[in-house]
Amino acid sequence: MTIVGFAEWLESTSLAILIRESAYGFAIVVAIHILGLTLSVGTLLWVDLRLLGVSLRSLRVSAVYRDLAPWFLAGFTVMLVSGVTLFTAFATSAYANVYFRIKIVALLLAGANALAFHVVTQRRSATWDNAPRPPAAVRIAGLTSLVLWVSVILAGRMMSYTMF
Amino acid sequence: MMTQLLSVIGALFTWIENTSIARNVAESAMLTASLSGIHLLGFTLVTGGALIANLRLLGVLLTQQSIPDVTLPAGRGILLGLAISLLSGALLFSGRAMEVSANGTFQIKMLLLVAAAVFHFSVASRVSADAQRARATAAVGLSLWIGLATAACAFILLE
C-alpha cells in the first residue's frame, strides 16, 4: 500500500468522518492540540532554558528535568493523540502540504536531539549538574531543542492557512 | 456619553484599519499566518511560564526551591511572552479592528488577559511562603490563565 493509499484509508475511517462532519469535533480537537502546547512545549522549554544556562540557574539541571518531565511527557501524549486524530481526518491534504512535512521532520529531529542528549551528553552530568552555565554540548542540545520546537509550532500554524 | 465614547473608539479603529500596516496584514495571508505563528509562540511562553509558577505555588513541583526562585524566572518568561503576543496580536487586530472588537469572544479574551496578567503580577508574584494562601492563589491564577487560553481557542476556531 502506498502512503497516499494509507492516507485515503485513514480518511475513510469512522473517526475521520466524525471529525469532519460533526459540528464541533474539529474545533474541539484543534483546541486540545493548541492547549496541549502549554503542557508540552510550554514546560519543556524551561528545561531547554536551564540547559542553556539562561534561566533557573540556581537549580540543578537534573532537578528541573525530573520535576518537569511528568508534565511535558503528559503534554506530548496529548499532542500525539490529538495530532494523530486530526491527521486521520485530513491525511491526504496534510501529506501533500509542505509545512506538514517540515513539521514532521522537525519533530523527528527534536526526538533525535533528545535521544542524543540522554544517551551521550547526560552520562557526564555529575560534573555539570550544578553549573549555572553548563558545558557547550549541553547548551547546544538546549538551543537545538528550542529552535526545533519553534519550527514545529510555526510550521503547524502555517498548515492551517495552506491546507483548507 | 457612552455612545460618544463608542463612536470615538469606532473612528479610531477605522483609522487603524486604514493604515498601510493594517492593510498589508489584512491583504496578505502569508503575513497573517506568520504573525499568527509568532502569536502562538508568545502564547506558549506565557501559559507555560504561568503553569510552572502556579504549579510551584500549589507545591507540586520544584518544591526544594523557594517560591520566588521559581516564580521570578517564570514571571520574566510570562512578560517576554506577553510582549511577543501583544505585538503580534496588535498587528493581527489592526487588519480587522472593527469586526474583531465587536466580537464577544474576543472581548472575553481581552478581559481574561487583563485579569490573569494583573492577578499574576500583583498577587501571585508576591507570594513567598508555602501555605494555604499560595495554593488558593494558584487556583485562581490557573483558572484565569486556562480561561484565557480557552477563550483564545474559541475565538479563532468558532468565529
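No experiment lies behind these values; they were computed from the predicted model shown.

Draft legend 1. Representation of the pattern of salt bridges within the structure. For the structure on display, the rule yields 3 salt bridges over all chains. The salt bridge involving Arg60(A) is made with Asp129(A); its shortest N-O contact spans 3.0 Å. In this pair, Arg60(A) is assigned in the loop between helix H4 (41-51) and helix H5 (61-89) and Asp129(A) in the loop between helix H7 (98-119) and helix H8 (136-162), connecting sequence segments 69 residues apart. Taking the relative accessible area as the measure of exposure, Arg60(A) reaches 40% and is therefore partly exposed. For Asp129(A), a relative accessible area of 5% corresponds to the buried category. A salt bridge links Arg96(B) to Glu99(B); the nearest nitrogen and oxygen atoms lie 3.1 Å apart. The exposure class of Glu99(B) is exposed, given its relative accessible area of 51%.

Draft legend 2. Region of the structure containing the packing of aromatic side chains. Residues and elements named next belong to chain A. Enumeration according to the criterion identifies 12 aromatic pairs over all chains in this entry. Each ring, one from Phe 6 and one from Trp 9, has its centre 6.0 Å from the other, and the planes form 20°; the classification is stacked. Here Phe 6 and its partner Trp 9 are both found in helix H1 (residues 3-11), 3 residues apart, which amounts to about one turn of the helix. Using a relative accessible area of 46% as the deciding quantity, one classes Trp 9 as partly exposed. Grouped by ring-pair contacts, the aromatic residues Tyr 65, Phe 72, Phe 76 and Trp 149 constitute a single cluster. Positioned above the aromatic ring of Tyr 95, the side-chain terminus of Arg 101 is 4.5 Å from the ring centre.

Draft legend 3. Structural detail: the side chain of Arg50(A). Residue and element names in this part refer to chain A. Among the secondary structure elements, Arg 50 is positioned in helix H4. For the buried residue Arg 50, which engages in no salt bridge, the nearest side chain bearing the opposite charge is Asp 129, 6.5 Å off. Among the polar contacts listed, one links the side chain of Arg 50 to the backbone oxygen of Leu 59, at a separation of 2.7 Å. Among all residues touching Arg 50, those that are not within four sequence positions of it are Ser 55, Leu 56, Arg 57, Leu 59, Arg 60, Val 61, Val 64, Asp 129, Asn 130, Ala 131, Pro 132 and Pro 134.

Draft legend 4. Structural detail: the interface of chain A and chain B. Counting residues at the interface gives 31 residues for chain A, matched by 35 residues for chain B. There are 0 salt bridges connecting chain A and chain B. At the junction of chain A and chain B, the tally comes to 4 residue pairs in polar contact (both at pLDDT 80 or more). Its residues assigned to classes, the side of chain A that touches chain B comprises 23 nonpolar, 5 polar and 3 charged.

Criteria and cut-off values
What you see as residue numbers is a count from 1 along each chain, following the sequence as written. All chains are assigned letters beginning at A, and all ligands numbers beginning at 1, according to the order in which they are written. Given that the model is predicted, a residue must reach a pLDDT of at least 70 before its local features are reported, and side-chain atom pairs must reach 80 or more before they are shown or counted; all residues, however, enter totals for whole chains, interfaces and linings. Only hydrogens and water are set aside when side-chain values are computed; all heavy atoms of the structure are taken into account. By definition, a salt bridge exists where a carboxyl oxygen of Asp or Glu is found within 4 Å of a side-chain nitrogen of Lys or Arg. A run of H or I in DSSP becomes a helix once it reaches four residues, and a run of E becomes a strand once it reaches two; helices and strands are each numbered from the N terminus. Three labels apply to residues, based on accessible area from a 1.4 Å probe with only protein chains included: buried if under 20% of the type maximum, exposed if over 50%, partly exposed otherwise in between. Ring pairs shown here join Phe, Tyr and Trp side chains whose ring centres sit within 6.5 Å, with only the six-membered ring taken for Trp; geometry is labelled stacked below 30 degrees between planes, edge-to-face above 60, and tilted in between. A positively charged side chain is recorded as over a ring if its NZ (Lys) or CZ (Arg) lies within 6 Å of the ring centre. The angle to the ring normal must also be within 35 degrees. Positive charge is attributed to Lys and Arg, negative charge to Asp and Glu, and no charge count is given to His or to the chain ends. Contacts described as polar in this section are N or O atom pairs within 3.5 Å, which, within protein, must combine one atom able to donate a hydrogen with one able to accept it, while residues neighboring in sequence count only if both atoms come from side chains. Whether two residues are in contact is decided by their heavy atoms, any of which lying within 4.5 Å being enough. For this scheme, ten residues count as nonpolar: Ala, Val, Leu, Ile, Met, Phe, Trp, Tyr, Cys and Pro. Four count as charged, namely Asp, Glu, Lys and Arg, and the remainder, Gly too, count as polar.

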